[in-house]
Every structure is written in C-alpha cells, then in structure tokens.
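# Geometric and topological summary
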Amino acid sequence: MLLLISTAGCAADEPMRQAHATGVRSVAQLVLPFDAYKTTPEQRAVLGNAHNLLVVRCMREEGISIEPPAEDPATLAATDPGNSRRYGVVDTEAARRYGYHLARPPSPDTTASWAGKLPKPTRHHLYGTAADRGCLDRATLTLERGARKADWPWLSLQDSLTLEQAAKHPSVTGAVKRWEACMSQAGHSYPAPEAAIADSRWNLEERTVTEDERLTAIADTHCKWSSGLVAAWHAADADLQRAVIRDNRDRFDALRANLGHRLRKASSVLADHEGGQVR
C-alpha cells in the first residue's frame, strides 16, 4: 500500500514529499534485522503443536487424558501485528477500521485459558512444583535437550532498546516536528505521536471506536508517512539492530542454532506422531 495521499496541507510541503520518497513506503516493508531471529507464525505453530503432543504423552504416563487446543498458523498470523504497530499506528486501513485500538480477531483458546478449566489434580500434574516439574516444563525441556544455550530475554531487551534509541535520532526528532505540523494543519494539536494515541478521549480498553478516533488515527497515519517519520524511525532502528548483530555475533549465532534445533526436534515429534510412533 503506497500512501500517495496525505492530509490537507501536507501534500504541498516539499520536504515532506522528499522524506516520503525515501526509505520504506509501506507497512509490508517494515522488516528489521532482528526479525530473522524471531519465530514466524508457522514456526510457532510447529513448536506449539509438538509441545502439545509431548504434554499429552507425559500426562498419559500419569494416567490422565487431555486434549490441549491445537495451534493454527493462520490464527497465529492473524493475531500477530508484526512490526505494523512498532512506530505507532501506521496502517491507514487499520486506522480506518479500528482507530487507535488494536485489531482484535477472535482469540485462540490458549493453553492458559484451557488449562484453567481443568480439575485441580490435573493442573497439578500439568504445572508441577519447584521440586517436581510438571508436564509443561518437561515437554519444553524435551524440545530444548541438546540445543545450544541462547538468551532470548536478551534479544527482547535489545529489541526494545533499539526502538527507544532510534526515537532519539535527529532524523526522527526532525520528522516528529514535521508530523506535528501536518497534524496541526489537519486540525489536530498534538506535540508527538504518543500524545495522539494517549488522548483521553479514546477508551482503548473498550471495544467502541468513535468516529473522531478513526478520523484522528487516519490523519495520524497519513502524517507519519508524508512527514517521513516512519521511514526515518525504521532506518535508524534497522541501523542500530545491524550494529547490535555485528557486535554480538556469538549471541545471535546461538539464537539461530537454538531455534533451528528446537524446530527440527518439533518437526520430528510431529512426523513421528503422524507415523503413529507417538503413543
């Protein structure tokens, strides 16, 4: 979706047009270096369904039959915003439908909600104790056995840090000023994008989306693109992530190796099940 339209007054601003003409030009292009080390919805489905099978087998050894909900890659993909909300609301069509609200497709029956409905003795075997691991932990350990150690919380932290640090880059702060001017010309007075989404007029905890919220969010997305804010923030973010990868090769090699091992093990569990070997 190439956003060639802009709010009134913005389209005439030459610096904004020049900023918009460089860098990413659509939500689909918001790909970052760290993405290569994160699981896709399809991979999460493979890992989740293999984990479920191992949990079922473990519980069966305890004399308990359970049926955890299957992980559907299409459902996982539908509930995964990817990087589309990383720089605030930037998808005009989503803003047109949801305003500043998150798109909320029907949530899958997660393990937590499913397990919460089980009898207490069953949950005990599922979760275990500090001294005696339950079947959920045992299944996780089975998938991880033999894998190279990897620090996934560290990756999550770096993911947050590059976003925050990129926001302070001069190219981004300059684009924020152009965004502010664009929004002002469209009739919305906000000093920064976070102020727009935090407007007390929007109740983001409720499902109701007002027309004012929609119109403001649409203007917000138009101004983010026409001001070059999305392109500048993404470029600074990507540069920082590339630097983190360059300076931490061993950590990232471990992340890739760890994920690859778990995916191979999970695929083997699923293949064995299909072949009738998991009982």
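Here is a short report on the structure shown in this document. All values derive from a computational prediction rather than experimental measurement.

Reading the values: the criteria
Residues numbered from 1 in each chain as written. Predicted model: local features only at pLDDT ≥ 70, side-chain atom pairs only at ≥ 80, totals over all residues. Heavy atoms only, no water. Helix = DSSP H or I, 4+ residues; strand = E, 2+ residues; numbered from the N terminus. Contact = heavy atoms within 4.5 Å. Areas by Shrake-Rupley, 256 points an atom, 1.4 Å probe, with all protein chains shown as cover. Salt bridge = Lys/Arg side-chain N within 4 Å of Asp/Glu carboxyl O. Buried < 20%, exposed > 50% of the residue type's maximum accessible area, 1.4 Å probe, protein only. Core = buried A, V, L, I, M, F, W, Y, C linked by side-chain atoms within 4.5 Å. Polar contact = N/O pair within 3.5 Å; in protein donor to acceptor, adjacent residues only side chain to side chain. Disulfide = S-S within 2.5 Å. Expected span 1.5 Å × (residues − 1).

What the protein contains, in helices and strands, is 13 helices and zero strands. Walking the protein from its N terminus toward its C terminus, one meets helices and strands in the order α-α-α-α-α-α-α-α-α-α-α-α-α. Counting only contacts in the protein whose residues sit at least 6 apart along the sequence, the fraction spanning at least 24 positions is 79%. Accessible surface, the protein: about 15,200 Å² in total, of which carbon and sulfur atoms supply 53%.

A full pass over the atoms with the stated rule returns 15 salt bridges. Of the charged contacts in the structure, one is a salt bridge between Arg96 and Glu93, with a shortest N-O distance of 3.4 Å. With Arg96 and Glu93 both in helix H4 (residues 92-98) and three residues apart, the pair spans about one turn of that helix. Classification of Glu93 as partly exposed rests on a relative accessible area of 40%. A salt bridge links Arg201 to Asp199; the shortest N-O distance between them is 3.3 Å. Relative accessible area serves as the criterion here: at 47%, Arg201 is assigned to the partly exposed category. What makes Asp199 buried here is its relative accessible area of 13%. What you see here is one network of salt bridges that share partners, running through Asp35, Lys38, Arg86, Asp159 and Asp237.

The next subject is the nonpolar core. One finds Leu30, Val90, Val172, Trp179 and Leu229 to be the most contacted residues of the largest nonpolar core, which totals 32 residues. Contributing elements (two or more residues each) for this core: helix H9 (170-185), helix H11 (211-226) and helix H12 (229-247). Ranked by residues supplied to this core, first place goes to H12 with seven residues. Non-local contacts of Val172, meaning those with residues more than four positions away in its chain, are made with Ala166, Ala167, Leu229, Ala232, Trp233 and Ala236. In this structure, Ala115, Leu118, Ala266 and Val269 belong to the second largest nonpolar core, which totals 23 residues.

Let us look at the environment of Arg138. Inspection of the secondary structure puts Arg138 in helix H7 (residues 135-144). For the pair Arg138 and Leu126, spaced twelve residues apart in sequence, the C-alpha separation works out to 9.4 Å. Setting aside anything within four residues of it in sequence, one finds Arg138 in contact with Cys58, Glu62, Asp132 and Arg133. Within the local environment of Arg138, its side chain forms a polar contact with the backbone oxygen of Arg133, the two atoms lying 2.9 Å apart.

The subject of this paragraph is the state of the cysteines. This structure, assessed with the given rule, holds two disulfides. Here Cys182 connects covalently by a disulfide to Cys223, the sulfurs 2.2 Å from one another. Measuring the twist about the S-S bond at about -75°, one finds the Cys182-Cys223 disulfide to be left-handed. Residue Cys182 is found in helix H9, and its partner Cys223 is found in helix H11; the two are separated by 41 residues along the sequence. The pair Cys182 / Cys223 is uniform in exposure class, with both members buried.

Further remarks concern helix H2 (residues 41-61). With 21 residues, H2 ought to run about 30 Å at 1.5 Å a step, and its terminal C-alpha atoms sit 30 Å apart, in line with that. Looking at the residues trailing H2, positive phi occurs at Gly63, about 80°.

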